[in-house]
Amino acid sequence: MKSVLIFALLGVVTAFAPRRLDYRTRRGAQGLYMGGAHGEASTRAGKEKTIAVVKEKLEGSLLIFSIKGDGITVGQINELRASLPEGTTCSVVKNTLMRSAVSEVEKFNAVDDLLSSSNLWFFCDEENMKETMKVVETWIQGTGKKDTHGVRGGAMEGKFLDAKAVEAASKMPTKKELIQRIAVNIKGVPQRLAKRVNAVPTKVARAVKLATVDEQEGAEGAAE
């Protein structure tokens, strides 16, 4: 009877005892990871799938850059993602998987110096580099992470870019903007040409007039 009572009491105590949270659950609640150390992504097939996804993102990008990946909550990263232009994506990618992906995409294989700590990567196509940088800068200011989560660096056309170079690259005119500028310049050529052509008769007339005056003055001088 005493044994039954003891086991019953142990059951009650166990039921109400605080449960130890799983570390992986707590870690996952702090951010969104691509290639974390748990679940399907930890298997060989999962890693290969992640590398393929990252490689596809790289191939569709003109510029990539990163900020610190630690210390960002799910809510913050979701807010950031929702603000990014359609042609830009961001992901926290495990360094070993990122290294494997960029090794197969030559234009971005210069980011090894950034693969020593956690990164939140931004993958930007040509049309959205400028808008992406504006969104990221606004998000950094709004979350109070200016001192901790500034742009670390990036890559473009096989070259490593530091933070200032990333900012400068993001402000480059797109192909569409260049075409528009060229079109405007071409449109202005006929107008400028017409002005110059119209000015030619006037200049000729002035020259003829001056020549006539000179001849008349010469004739008058000879008559005297």
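Here, the structure is the one placed above.
A.B. asks: Tell me about the side chain of Asn-119, and please be specific about residues and values.
C.D. replies: Structurally, Asn-119 can be placed in strand β4 (residues 119–124). Within the local environment of Asn-119, its side chain forms a polar contact with the backbone oxygen of Leu-114, the two atoms lying 2.8 Å apart. In terms of polar contacts, Asn-119 uses its side chain to reach the side chain of Arg-152, at 2.5 Å.

A.B. asks: With reference to specific residues and values, describe the packing of aromatic side chains.
C.D. replies: Under the criterion given, the structure shown has one aromatic pair. For the pair Phe-65 and Phe-122, a centre-to-centre distance of 4.9 Å together with 15° between the ring planes defines the contact as stacked. Here the residue Phe-65 occupies a position in strand β2 (residues 63–68), and Phe-122 occupies one in strand β4, the gap between them amounting to 57 residues. Judged by relative accessible area, Phe-65 falls into the buried class, the value being 0%. Taking the ring centre of Phe-123 as reference, the NZ or CZ of Lys-57 above it sits at 6.0 Å.

A.B. asks: Talk me through the side chain of Asn-128; I want residue IDs and the actual numbers.
C.D. replies: Structurally, Asn-128 is set in the loop between β4 and α6 (129–142). By relative accessible area, Asn-128 is classed as buried at 15%. Apart from residues lying up to four places away in sequence, Asn-128 is in contact with Pro-85, Gly-87 and Thr-88.

A.B. asks: I'd like a rundown of helix α3 (residues 44–59), residues and numbers included.
C.D. replies: Helical geometry note: an α-helix holds 3.6 residues per turn, so side chains three or four residues apart project in the same direction. Taking 1.5 Å as the rise per residue, α3 with 16 residues should run 22 Å; its terminal C-alpha atoms sit 22 Å apart, in good agreement. Taken together, the buried positions of α3 are Gly-46, Thr-50, Ile-51, Val-54 and Leu-58. Axial view of α3: buried residues confined to an arc of 135°, hence all on one face. The outward face of α3, more than 90 degrees from its buried face, is lined by the exposed residues Ala-45, Lys-49 and Glu-56.

A.B. asks: So what about the environment of Thr-174? Which residues, and what values?
C.D. replies: By the secondary structure assignment, Thr-174 is in the loop between α7 (163–170) and α8 (175–223). Each C-alpha atom of the pair Thr-174 and Glu-126 lies 6.3 Å from the other, and the pair is 48 residues apart in sequence.

A.B. asks: Residue-level account of the pattern of salt bridges, with values.
C.D. replies: Summed over all chains, the structure comprises three salt bridges. With a closest N to O distance of 3.5 Å, Arg-44 and Glu-48 form a salt bridge. Of this pair, Arg-44 and Glu-48 both sit in helix α3, four residues apart, which is roughly one turn of the helix. The class of Arg-44 is exposed, set by a relative accessible area of 70%. Glu-167 is paired through a salt bridge with Lys-171; the nearest N and O atoms lie 3.4 Å apart. Residue class for Glu-167 comes out partly exposed when judged on its relative accessible area of 32%.

A.B. asks: For the nonpolar core, give the residues involved together with the corresponding values.
C.D. replies: For soluble globular proteins, the rule of thumb is that nonpolar side chains tend to be buried together. Of all hydrophobic cores here, the largest spans 24 residues; its most connected members are Phe-65, Ile-67, Leu-80, Leu-84, Leu-120, Phe-122 and Met-156. Residue assignment for this core shows that the elements contributing at least two residues are β2, α4 (74–83), β3 (88–93), β4, α6 and α7. Element by element, the count of residues in this core is highest for α6, at six residues. What Met-156 contacts, discounting residues up to four positions off in sequence, is Leu-62, Leu-63, Lys-107, Phe-108, Met-129, Leu-161, Ala-169 and Met-172.

Rules used in this analysis
Residues numbered from 1 in each chain as written. Predicted model: local features only at pLDDT ≥ 70, side-chain atom pairs only at ≥ 80, totals over all residues. Heavy atoms only, no water. Helix = DSSP H or I, 4+ residues; strand = E, 2+ residues; numbered from the N terminus. Polar contact = N/O pair within 3.5 Å; in protein donor to acceptor, adjacent residues only side chain to side chain. Phe/Tyr/Trp six-rings, centres within 6.5 Å; stacked < 30°, edge-to-face > 60°. Buried < 20%, exposed > 50% of the residue type's maximum accessible area, 1.4 Å probe, protein only. Lys NZ or Arg CZ within 6 Å of the ring centre and 35° of its normal. Contact = heavy atoms within 4.5 Å. Expected span 1.5 Å × (residues − 1). Arc of directions from axis to C-beta. Salt bridge = Lys/Arg side-chain N within 4 Å of Asp/Glu carboxyl O. Core = buried A, V, L, I, M, F, W, Y, C linked by side-chain atoms within 4.5 Å.

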